[in-house]
Amino acid sequence: MMKPRVLVLYYSQTGQMLDIVNNILSDVKDKVTIDYALIEPVKPYKLPWKPNEFFDVMPETVQLIPVELKPLPQEIKQQEYDLVIFGYTSWFVNPSLPISSFLQSKDAEILSGKNVITVIGCRNMWLHGQEVVKRYFKDLKANLVGNIVLTDSNPNLISVLTVIRWMFKGKKEASGMLPAAGIQEQDMKRASRFGMPIYRHLTENKLALLHKELLMLGAIHLKSGLIVLERRAITNFRKWSKFIRDKGGPGAPERLGRVVLFKRLLIVAIFILSPISSFTAFIQMQLQKRKLLSDREYFKSLDYEANRL
Ligand SMILES: Cc1cc2nc3c(=O)[nH]c(=O)nc-3n(C[C@H](O)[C@H](O)[C@H](O)COP(=O)(O)O)c2cc1C
C-alpha cells in the first residue's frame, strides 16, 4: 500500500508551531510521507519584536489586509495530498497576518477540495481567528475535518507576562518567578495522542468522523469566559484598527502616535481593567448561560455560520 501523503502547511515565527505538529505526528511519521511548506512573508517578522512594530501590525491583522508572501515551491503545488495539516497562531484574535495573507493568495488554491486539519497554537485566544479561517476555507472549498488547539495552560495574567518576555526579549525559558512561555512541555508531548487516530481515519476513509474522536481526546478545551472576552476584544480592535489606519498604512510615521496610544491602553486594559472585566464577564456569563452553552458547542465544532463572534 502506498503511504498516505500529508502536507504540513504552516507559519511560525519562533518554531513553536512546527514543534506542535511534529509532536502530533510523532507516532505516525514512519507510516506517512510528510512534506513541509512554510508560509513566508517577503519581509520577515523578526524576533524579538520592537514593541512599536509589534503593535503596528494590529490594524492590518484585524482588517485582514495582506502582506506579500514568497510563492510556495513548485514541487509542493504539483503534488497530490491526502491530507493537509494547516498550522497557525493568533495575532490580535485573528489568524497571524502571514496566514490570512496566504488564505487570500493564489497559492491558497492548494487547499481546494483537500481534507484539512487545523492546528492552532497560541497563548489562549483562538476563537475569532478560527471563524476567519473557516470562512476562507468555505470560499476555497477546503474540507475541514478536524481542529486541534494547544494553548498556554498557565493563568491568563501569567501567560501575558511570559508572552511579553518571549516576544520582546526573545526569552522563552522560565526566569525569576515566571514559568516558561508558550505551550507547556507536558501539553506539547501529549499532543502525540492525536497521531494514530488521524492516521486511522485517513487510511480507513472515514475522516468525516475524525473530529468527534479528537474532541473525545480533549483536542479543544474551551471556557465560556473566553467567548465573552474575545467578543469584547474584537469589537475594540476593530475600532482601533480604523482609527490607526486613518493616519496611514503599515509603519507610517504619521500613525505612530495612535499605535503608541493603543499599546498603552491595551496594557492598562490587561493589567488594571482585567480583574474588573473578568468580573463583569462573569456576570454576563450568568445571564447568558444557555446561549453560551450553545456557543461553546458551536466553537468546538467545525460548523461555520457567519457572525457568530
Ligand atoms: C503580533 C502578535 C500578536 C499576538 N496576539 C495574540 C492574541 O491575540 N492571542 C493569543 O492567544 N496569542 C497572541 N500572540 C501569541 C501567538 O499566538 C503565538 O503563541 C506566538 O506568537 C508563538 O507562535 P509562533 O509559532 O508563530 O512562534 C500574538 C503574537 C504576536 C507575534
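Cut-offs and rules
- Residues numbered from 1 in each chain as written.
- Predicted model: local features only at pLDDT ≥ 70, side-chain atom pairs only at ≥ 80, totals over all residues.
- Helix = DSSP H or I, 4+ residues; strand = E, 2+ residues; numbered from the N terminus.
- Rg over C-alpha atoms; globule rule 2.2 N^0.38 Å.
- Buried ≥ 20, exposed ≤ 12 C-beta atoms within 10 Å, placed from the backbone.
- Near = placed C-beta within 6 Å.
- Nonpolar A, V, L, I, M, F, W, Y, C, P; charged D, E, K, R; others polar.
- Pairing = 2+ DSSP bridges.
- Axes fitted to C-alpha atoms, helices over the stretch in contact; angles between N-to-C directions.
- Domains from an automatic or database assignment.
- Contact = placed C-beta atoms within 7 Å.
- Parallel < 35°, antiparallel > 145°, perpendicular 65-115°, else oblique.
- Left-handed = near helix turned anticlockwise from the far one by under 90°.

### Some thoughts on the overall build of the protein chain
Then, number 1: Within the protein chain, the secondary structure is distributed over 13 helices and 7 strands.
Then, number 2: A globule of 309 residues ought to have a C-alpha radius of gyration of about 19 Å, and the protein chain, at 19 Å, matches this closely.
Then, number 3: Taken along the three principal axes of its C-alpha coordinates, the protein chain extends 60 × 45 × 40 Å.
Then, number 4: Burial statistics for the protein chain: of 309 residues in total, 34% are counted as buried.

### Some remarks on the site of the ligand
Then, number 1: Within the structure, the ligand sits among 19 residues, and Ser12, Thr14, Trp91, Cys122 and Arg123 are positioned closest to it.
Then, number 2: For the shell around the ligand, the secondary structure elements donating two or more residues are helix H1 (16–24), strand E4 (90–91), strand E6 (115–122) and helix H7 (156–169).
Then, number 3: Taken together, the residues that form the shell around the ligand break down as 10 nonpolar, 8 polar and 1 charged.

### Points about the sheet that holds E6
Within a beta sheet, neighbouring strands are joined by backbone hydrogen bonds and run either parallel or antiparallel to one another.
Then, number 1: With respect to topology, 5 strands assemble into an open sheet ordered E2-E1-E3-E6-E7, the strand pairing being parallel. Each edge of the open sheet carries a strand with a single partner, namely strand E2 (33–38) and strand E7 (143–151). The sheet shows a mean angle of 20 degrees between the axes of neighbouring strands, taken without regard to direction.
Then, number 2: The pairing of strand E1 (residues 5–10) with E2 spans 6 bridges and is classified as parallel. Counterpart to valine 8 in the pairing with E2 is tyrosine 36.

### As for the domain arrangement of the protein chain
Then, number 1: As far as domains go, the protein chain holds domain 1 (5–221) and domain 2 (226–295).
Then, number 2: Counting residues at the interface gives 16 residues for domain 1, matched by 19 residues for domain 2.
Then, number 3: In terms of residue class, the side of domain 1 that touches domain 2 is built from 11 nonpolar, 3 polar and 2 charged.

### A look at the packing of helix H11 (residues 224–245) against helix H12 (residues 256–287)
Then, number 1: With their axes 10 Å apart at the nearest point, H11 and H12 run at an angle of 155 degrees to one another. Relative to H12, H11 is oriented roughly antiparallel. Where H11 crosses over H12, the two elements pack in a sense that is right-handed. On the side of H11, the interface is formed by Ser224, Gly225, Val228, Leu229, Trp240, Phe243 and Ile244, while H12 contributes Arg258, Val259, Phe262, Ala281, Gln284 and Met285.

### Here we look at the environment of aspartate 295
Then, number 1: Position of aspartate 295 relative to the elements: it lies in helix H13 (residues 289–300).
Then, number 2: For aspartate 295, a count of 19 C-beta atoms within 10 Å corresponds to the partly exposed category.
Then, number 3: Aspartate 295 sits 13 residues away from arginine 308 along the chain, and the two C-alpha atoms are 8.1 Å apart.

### Notes on the environment of glycine 146
Then, number 1: Topologically, glycine 146 is positioned in strand E7.
Then, number 2: Apart from residues no more than four positions distant in its own chain, glycine 146 is found in contact with Ile117, Leu210, His211 and Leu214.

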